[in-house]
Every structure is written in structure tokens, then in C-alpha cells.
Amino acid sequence: AAQFQLLVPVAVVFAPGSLPRDLSRPLPFRDVQEMEIPVSVRTSVTSRYEMLYRSITAQEEAALDAATAREADAALHLLQDTSLGSLTMYVVPETSPLLPQGINAYVGKHRSALVRAAGTLPALRSRLQQLTQVMSFTASSITAALSDRVPDGQPGPDGRRNLKSSLGYEITFSLLNPDPKSHDVHWAIEDAVTRYVQPVLDKLSLVANFSVDSQILYYAVLGVTPRYDRESSSFLLSAHSLPHVINPVEARLGSSAASLYPVLNFLLYIPERSHSPLYIQDKDGAPVSTNAFHSPRWGGILVYNVEAPASPQVSLPLHVDVDMAQVMEVFLAQLRLLFGLSREELPLDFLLESPGNEGLADWELDRLLWAHTVENIATVSTTLTSLAQLLDKIGNIVIKDDVASEVYRAVASAQSAMAKLATGHLHPAFQASKEAATSSERAFFDPSLLHLLYFPDDQKFAIYIPLFLPMAVPILLSLAKIIRETRQKKKEPTKMD
């Protein structure tokens, strides 16, 4: 049974004029809030928020003098604890001009937030509790991470949606041009990847290794014929037909089976001239604003319409330059969804700073690491349990030293990751969980442990008898003949001359 203890260090910093009326203890003081996350009978997760309440320093106070919350966030970032998984909450007076009217909490790009003071400590605590969960993990994000790994756990709605934790991911951008006779399409994919995708992957490089490639496929059509709509004189793809779009396209994409890592596909589809313009409808029949859809754990497709030429006499093919900024905005939003970085439903009085061209805020990266660390440890546990069951079944299996040492390493790293989580050291915990996962996979997939190498005895006889019988028959017959002849010789009395 796994007992996870997750500790989040939170500093709560009071600016002048923001102390609650009912604060009974002098600052600084510590306070721990605990939350039980129910996962299953055998797996329990306790999350502990270790709150250190303290007064503001002169430098932090100067940083809060900024004109806007965004500027204050940038200035405070230079002064705070930037270790992964730790949070800093700055409590500002109720009249503070930093927070817009009606907004009680501002979540910055890094690992801190501004919170409007509440009159009493319990009111402030509930506000802080909501914030710490948004910025670290919620019960649902942890249960989603464990849903596949825990035998009797209840998978949450997100459990099937997010990508599983992996040491690497391959990202493929494909341009589908089914009608090259009409459209000569150009896309500046290398430049777009450098400008829009790379900053996000640099930020995620802590989580995994990424490789990016791109391809152009001609004459690749969607598997569904769109419906013509007279009113709008356009073609429509309805939500329920979208799953059927992927299979025929996937056959052309190149095999992802050859890849070691999960592959994410992002397809840019230029509809053929006979089906233009093409729009995607949602379940209620309303047009989808992005004209794109995504498939969990697989990737996304964006339909890019080319404007029809003004005069019918235009020579074909039309030269098309794809607007990569618009395309990448959609693909990056889909990438966030695939990694489970979609924003949770937040209280209306919370304001989140957009992460800008980095694609994700520091605390969102931490959120991913909390979930992946727990998932990696759970994976190690299931992998080693399966290995142990295999070894129990096969009595004569030989375990080589290097396999044994991988198993020991996996157990030690997993224990170390659990210990680091319990003390609130997220980065080393994640690294240890990655090492544990790698070692357990190595041990499990070691070629010497293929159970096909170890047959039960009855199977051995069943295999070898048919091979030896044809040879054995003449040998046995000649043996019998020799025995008969020797017996006869003994019986015959020797002739005496």
C-alpha cells in the first residue's frame, strides 16, 4: 500500500495594513493545513500545506509599490524563494490599487500570488487554501495521475485525457494538402517552431525530452465527407463525425509504433477546393471558433480555409501562405490540453496572468511535476509488482546481477522520491521518481526475463518427443535385435569337435 505525503511550503507575507483583526500570535509563526485525498483502499494521499506567516521585508514592500500587479509580480520574483513547488502569497491591504475592482487574488507568472486582505484569519485562510490548490495540486489532479495505476481507484474525468508521464515525447506537425492541383501551400514551420513552440518545450524540458519534426502530405483526405450547408454556402463537419476523421489520416502519418515515446500529432488541414470553406460544428451545432478539435492523448487537427479567388479565371494552383501565428496559437492551446495544463474552473474573483510566450507559468510546471512524480512512483510500484508475480510463477528463472541491481535501484529511488515529497522538495523528488521509473522499466523489459525462455517441464516433453521419436524408433528396434541375438547365442550349446 502506498502512503503518499505531499508537502507544499507556503510563505504568507503580510504587507503593512493587511493583518487580520483576530491574529492572536505574533509574527512569524507556522501553521500546517492537512487534506486527505481519497484515492483507493490501498493508496492514500495526505497533502500538507506548511504555512509560514511573516511580515514583509523592506525590499518586498518596495516591489509592491509598482503601478500594476504584473510589474509587482516581476519585481517580487527576483526576491522570492524560486525552488520548485514552493509558493509565496503576498497579502495586500483591502484598499490596494494593485488588484482590480472585484478581484481578490492575482496569480502571477512565477510562484507567487497577491491576495487581498480579508478581515479575519479564517476568511483569509479559505482564500489562501483555494489559491494553494490552484497553484500546486488539487484532489482531482492527483487522482487523475493515479487513476490508471491504482487497481481499485476511481478514475476521474481527466484520468483518461492527460498524457501519461513519459521520459520523452515526439511532436509531429503535418500539413495535409489533399488538393495540390488547386493549392500551392507554403508554411514557415521551422521559424514557427523556433518562435512559438521552442520556448514552451524549453520550459517543459525539466519534465521530459522532446523531439519535433514536420512533414507535408499530399492527397491525404479526411475520412468523412462534409455536409453542404445551403444557407451559409459552406461545408460542415459535425462533432459526432470527428472521431472518424482521424483513422484514415493516421494511416498516412507514418508509424508511431517505431517510436520509443508517445507521439503527439498536430495536423494542419487545407480543405480541397470542392469542399471549401469547411467549418467544424460542436455538439449543439454552433461553429467552433478555432475551427479545430483535439483528441486526448493523440493530438489535434486544425482546418485552415483558403479564401476563394475573386475571379473564376485565376490560374491554379493558388499560392497560399499560411498564417503561422494563428495556427500555432491553436496548436499550443491543444498542447496544453494534452498535458493537462488546462485552467481549472476558478472562482470569479481570481485573476490569472497569462504566461506569455513561454506557454506556461512556473507554478503550472510545478503542477505538472507534482502529478508526474506521484504517477511515476505508482508506475514503479505496479511494474515491480508485475515482475514479482512473473518470478513467482516461473520457478527456474535466472535473475542476472544487473537485473537485480536495477530492481534495488528502482526501489531505493522510489523511496527517496517519497521521502523528498514528504519534505516538500519537489525537484529532487521528481528526478528520483524518473530514475526509479527508468530502472523498473529496464528490469521489467530485460531480455533475459522473457518468460518464453522458461518452459514448464510438460511443455518441454511435448516439444522434444516429436523430434526424437523418428530417430528413436530404428535405434530401439536395433537394440531389441541385438538383445535377441545375444540371448540366442547363450542358449545355443557350443559345438564340440
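This one's a predicted model, so the numbers in the text were calculated from it and none came from an experiment.

### Overview of the overall build of the protein chain
Part 1 of the argument: A count of helices and strands for the protein chain gives eleven helices and 17 strands.
Part 2 of the argument: For the protein chain, the C-alpha radius of gyration of 33 Å lies well beyond 23 Å, the compact-globule estimate for 497 residues.
Part 3 of the argument: In the protein chain, which comprises 497 residues, the share counted as buried stands at 46%.
Part 4 of the argument: Sequence-distant contacts, at least 24 apart, represent 76% of the contacts inside the protein chain between residues at least 6 apart.

### Regarding helix α3 (residues 121-135)
Part 1 of the argument: With 15 residues, α3 should reach 21 Å at 1.5 Å per residue; the first-to-last C-alpha distance of 21 Å fits that figure.
Part 2 of the argument: All of the buried residues in α3 are Leu121, Leu124, Arg127, Leu128, Leu131, Thr132, Gln133, Val134 and Met135.

### Observations regarding the sheet that holds strand β11 (residues 234-237)
Part 1 of the argument: Strand order in the open sheet formed by three strands is β10-β11-β13, and the pairing between neighbours is mixed. Because the sheet does not close on itself, it has two edges, and the strands there are β10 (227-229) and β13 (278-280). Recorded for the sheet is a direction-independent mean angle of 40° between the axes of neighbouring strands.
Part 2 of the argument: Sheet topology places β11 next to β13; three bridges connect them, and they run parallel. Pairing of leucine 237 across the sheet is with isoleucine 280, part of β13.

### Topic: the UniProt feature "transmembrane region" (unreviewed entry) in the protein chain
Part 1 of the argument: Following the UniProt record, one finds the feature "transmembrane region" (unreviewed entry) at residues 461-483.
Part 2 of the argument: The span residues 461-483 shows a helical share of 100% and a strand share of 0%, and its end C-alpha atoms are spaced 28 Å apart.

### Some details on the domain arrangement of the protein chain
Part 1 of the argument: When its domains are assigned, the protein chain resolves into domain 1 (4-146 + 344-353), domain 2 (168-339) and domain 3 (363-449).
Part 2 of the argument: For domain 1 versus domain 2, the separation of C-alpha centres amounts to 39 Å.

### Quick look at the side chain of threonine 46
Part 1 of the argument: Within the secondary structure, threonine 46 sits in strand β3 (residues 43-55).
Part 2 of the argument: Engagement of the side chain of threonine 46 in a polar contact is seen with the side chain of glutamate 36, the distance being 3.1 Å.
Part 3 of the argument: Sequence-distant contacts of threonine 46, that is, excluding residues within four places in its chain, are made with Phe4, Gln5, Leu6, Glu34, Met35 and Glu36.

### Here's the deal with the side chain of aspartate 179
Part 1 of the argument: With respect to the helices and strands, the residue aspartate 179 is situated in the loop between β7 (168-177) and β8 (183-186).
Part 2 of the argument: A distance of 2.9 Å separates a polar atom in the side chain of aspartate 179 from a polar atom in the side chain of serine 182.
Part 3 of the argument: Apart from the residues lying within four places of it in its own chain, the contact partners of aspartate 179 are Glu272 and Arg273.

### Focus: the sheet that holds β7
Part 1 of the argument: Strand order in the open sheet made by the five strands is β9-β7-β12-β15-β14, with mixed pairing throughout. Every interior strand has two partners, whereas the edge strands, β9 (209-218) and β14 (292-295), have only one. Neighbour to neighbour, the strand axes of the sheet diverge by 15° on average, direction disregarded.
Part 2 of the argument: Sitting on the sheet, helix α5 (residues 189-204) touches β7 and β9, and the angle it makes with β9 is about 155°.
Part 3 of the argument: Lying on the sheet, helix α7 (residues 324-338) is in contact with β7, β12 (263-269), β14 and β15 (299-303); it crosses β12 at an angle near 150°.

### Observations concerning the packing of aromatic side chains
A ring pair, where both rings are aromatic, is described by two values, the distance of the centres and the angle of the planes.
Part 1 of the argument: A complete count under the given rule lists 13 aromatic pairs for this structure.
Part 2 of the argument: Taking 6.1 Å as the distance between ring centres and 25° as the angle between the ring planes, the aromatic pair formed by tyrosine 49 and phenylalanine 137 counts as stacked. On the criterion of sequence distance, the pair formed by tyrosine 49 in strand β3 and phenylalanine 137 in the loop between α3 and α4 (139-146) is long-range, its members being 88 residues apart. The pair tyrosine 49 / phenylalanine 137 is uniform in exposure class, with both members buried.

Calculation notes
Residues numbered from 1 in each chain as written. Predicted model: local features only at pLDDT ≥ 70, side-chain atom pairs only at ≥ 80, totals over all residues. Heavy atoms only, no water. Helix = DSSP H or I, 4+ residues; strand = E, 2+ residues; numbered from the N terminus. Rg over C-alpha atoms; globule rule 2.2 N^0.38 Å. Buried < 20%, exposed > 50% of the residue type's maximum accessible area, 1.4 Å probe, protein only. Contact = heavy atoms within 4.5 Å. Expected span 1.5 Å × (residues − 1). Pairing = 2+ DSSP bridges. Axes fitted to C-alpha atoms, helices over the stretch in contact; angles between N-to-C directions. UniProt positions renumbered as here; feature names shortened; annotations may be inferred. Domains from an automatic or database assignment. Polar contact = N/O pair within 3.5 Å; in protein donor to acceptor, adjacent residues only side chain to side chain. Phe/Tyr/Trp six-rings, centres within 6.5 Å; stacked < 30°, edge-to-face > 60°.

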